[in-house]
Amino acid sequence: MALVLRSTYNFFTFLFKEYNDPRVEHFPLLGSPWPVLVIIILYLKFVNNWGQKMMANRQPFGLKTAMNVYNAVQIVLNLYIGITGFANSYFSDDYDWVCEPISQKVTPTRQRLIFVTYLYYLSKILDLLDTVFFVLRKKNNQITFLHTYHHAGMVFATYVFTKFVSGSHATLLGLINSFVHVIMYFYYFLTSFRPELRNSIWWKKHITQIQLIQFMVLMAHFGLPLIFGYCNYPAVFLFIGFTQNLFMFTLFADFYLKAYVKTQKDKVKDS
């Protein structure tokens, strides 16, 4: 067992030293994977155990001001990531719309894209506060497997992408996702001033539809080069990108059908 653990440790040490992108070495939380893994573990323990026990005999917190500030920060941050990211990737002179292989270019445009990628990674850590707010407000019914899996998984996935393949083909995922988050957090921000929107099926339904479109676009983005082999990009990353978006599409589609399609049919039957 000791030999297996030592071999595993040596392998990952070699991997992280040999293949990491030197352009991101100076950024905090992009060194060893352990701090990131600790953040994820503490997040899962808090939202699924510690936090709920702590709040069991307490009144829920309001957190209205804190959440307003949080939502406003998310809107501005994601809008900046999306606009700046597209400007320095797909709308720049040295980025391929069809396939952007792994490279370590050092140009002003690429350096700006690397920084925006790093901001996107940090924004996924910031996203964990969504669930923390659920716990503190005792909205435990909203702490689902889909929610926690998505948030925890995105933190680790963006860490790996930023550290090893920053600025490459998978960049589109972060850019599209940032604009989706602008819409989501704008809706949350609105509900603080117009509480009646919390029960608005129109908003919730269309936000879910936008998320489904996001996953379909990304499935094509990763799936087509995986199938036809026209992109000099690691097949393992294409496969992970495709399967993860397929998985998320399946979960969100199941939620959409149960929450909106089935509910609408039941209402028609009852009427």
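Since the structure is predicted, the reported quantities are computational estimates derived from the model, not experimental observations.

Draft legend 1. Summary view of the overall build of the protein chain. Tallying secondary structure elements over the protein chain gives nine helices and zero strands in all. For the protein chain, restricting intrachain contacts to residue pairs at least 6 apart in sequence, the fraction spanning at least 24 positions comes to 78%. In the structure as shown, the protein chain presents an accessible area of about 15,200 Å², 69% of it carried by carbon and sulfur atoms.

Draft legend 2. Seen up close, the packing of aromatic side chains. All chains considered together, the criterion is met by 25 aromatic pairs. Between Tyr70 and Phe133 the ring centres are 5.2 Å apart and the planes differ by 80 degrees, which places this aromatic pair in the edge-to-face class. Pair noted here: Tyr70 is in helix H3 (residues 64-87) and Phe133 is in helix H5 (residues 129-136), with a separation of 63 residues, a long-range link. Accessibility assignment for this pair places Tyr70 and Phe133 in one class, buried. Measuring from centroid to centroid gives 6.0 Å for Phe255 and Tyr260, while their planes differ by 85 degrees, and the two rings are edge-to-face. Classification of Phe255 by relative accessible area gives partly exposed; the value is 39%.

Draft legend 3. Region of the structure containing the UniProt feature "transmembrane region" (unreviewed entry) in the protein chain. UniProt feature "transmembrane region" (unreviewed entry): in the numbering of this structure it lies at residues 27-47, 68-87, 118-136, 148-166, 172-190, 210-230 and 236-257. Secondary structure content for residues 68-87 is 100% helix and 0% strand, while the C-alpha to C-alpha distance between its ends is 29 Å. End-to-end, the C-alpha atoms of residues 236-257 are 31 Å apart, and along that stretch the chain is 100% helix and 0% strand.

Draft legend 4. Focus on the nonpolar core. Residues Leu30, Tyr121 and Tyr233 are the most contacted members of the largest nonpolar core, which totals 45 residues. Of all the secondary-structure elements, those providing two or more residues to this core are helix H2 (34-55), helix H4 (108-126), H5, helix H6 (145-164), helix H7 (171-193) and helix H8 (201-228). If we skip the residues at most four places from it in the chain, Tyr233 touches Glu100, Pro101, Ile102, Phe161, Val165, Ser168, His169, Ala170 and Leu238. By size, the runner-up hydrophobic cluster in this structure holds eight residues, among which are Leu146, Leu212, Met248 and Tyr256.

Draft legend 5. Up close: the state of the cysteines. All told, the structure shown has one disulfide when counted by the stated rule. Put simply, Cys99 and Cys231 are joined by a disulfide, and their sulfur atoms are 1.9 Å apart. Judged by the torsion about the S-S bond (70 degrees), the Cys99/Cys231 disulfide is right-handed. Of the two residues, Cys99 is situated in the loop between H3 and H4 and Cys231 in the loop between H8 and helix H9 (235-270); the sequence distance between them amounts to 132 residues. Cys231 sits in the buried class, given a relative accessible area of 9%.

Draft legend 6. Region of interest: the pattern of salt bridges. Under the counting rule described, the total for this entry stands at seven salt bridges. Arg110 is the salt-bridge partner of Asp94, the closest N and O atoms lying 3.8 Å from each other. You can see Asp94 sitting in the loop between H3 and H4 and its partner Arg110 sitting in helix H4, a full 16 residues away along the chain. Between Asp127 and Lys124 there is a salt bridge; the shortest N-O distance is 2.8 Å. By the burial criterion, Asp127 is buried, and Lys124 matches it. When salt bridges with common partners are traced through the structure, they connect Asp94, Glu100, Lys105 and Arg110 into a single cluster.

Draft legend 7. Molecular detail of H2. The largest bend in H2 amounts to roughly 60 degrees and is located at Phe46. Val36, Ile40, Tyr43, Val47, Gly51 and Met55 are the residues of H2 that are buried. In this structure, the buried side of H2 is in contact with H4, H5 and H6.

Draft legend 8. Up close: the packing of H7 against H8. Packing of H7 against H8 brings their axes to within 10 Å, and their N-to-C directions diverge by 175 degrees. What the angle tells us is that H7 and H8 run roughly antiparallel. Every residue of H8 that contacts H7 at Leu172, Leu173, Ile176, Asn177, Val180, Ile183, Met184, Phe186, Tyr187 and Leu190 is listed here: Trp203, Lys204, Ile207, Ile210, Gln211, Gln214, Val217, Leu218, His221 and Phe222. Split by residue class, the contact of H7 with H8 holds 15 nonpolar, four polar and one charged.

Draft legend 9. Structural detail: a nonpolar patch on the surface. On the surface, Phe91, Trp97, Val98, Leu224, Leu226, Ile227, Phe228, Tyr230, Val236, Phe239 and Ile240 cluster together to form a nonpolar patch covering roughly 1,200 Å² of accessible area. At the level of secondary structure, the elements contributing two or more residues to the nonpolar patch comprise H8 and H9. No other element matches H8, which puts four residues into the nonpolar patch. Among the secondary structure elements, Phe228 is positioned in helix H8.

Draft legend 10. A look at the packing of H4 against H7. Relative orientation of the contacting elements H4 and H7 amounts to 55 degrees, with a least axis distance of 11 Å. Classed by the angle they form, the pair H4 and H7 counts as oblique. Two packed elements cross with a definite hand, and for H4 against H7 that hand is left-handed. Of the residues in H7, those in contact with Leu113, Tyr120 and Lys124 of H4 are Thr171, Leu173, Gly174, Asn177, Ser178 and His181. In terms of residue class, the contact of H4 with H7 is built from three nonpolar, five polar and one charged.

Definitions and cut-offs
- Residues numbered from 1 in each chain as written.
- Predicted model: local features only at pLDDT ≥ 70, side-chain atom pairs only at ≥ 80, totals over all residues.
- Heavy atoms only, no water.
- Helix = DSSP H or I, 4+ residues; strand = E, 2+ residues; numbered from the N terminus.
- Contact = heavy atoms within 4.5 Å.
- Areas by Shrake-Rupley, 256 points an atom, 1.4 Å probe, with all protein chains shown as cover.
- Phe/Tyr/Trp six-rings, centres within 6.5 Å; stacked < 30°, edge-to-face > 60°.
- Buried < 20%, exposed > 50% of the residue type's maximum accessible area, 1.4 Å probe, protein only.
- UniProt positions renumbered as here; feature names shortened; annotations may be inferred.
- Core = buried A, V, L, I, M, F, W, Y, C linked by side-chain atoms within 4.5 Å.
- Disulfide = S-S within 2.5 Å.
- Salt bridge = Lys/Arg side-chain N within 4 Å of Asp/Glu carboxyl O.
- Bend = angle between axes of the 7 residues up to and from the residue.
- Axes fitted to C-alpha atoms, helices over the stretch in contact; angles between N-to-C directions.
- Parallel < 35°, antiparallel > 145°, perpendicular 65-115°, else oblique.
- Nonpolar A, V, L, I, M, F, W, Y, C, P; charged D, E, K, R; others polar.
- Patch = residues over 30% accessible without salt bridge, like charges linked within 9 Å, V, L, I, M, F, W, Y side chains within 5 Å.
- Left-handed = near helix turned anticlockwise from the far one by under 90°.

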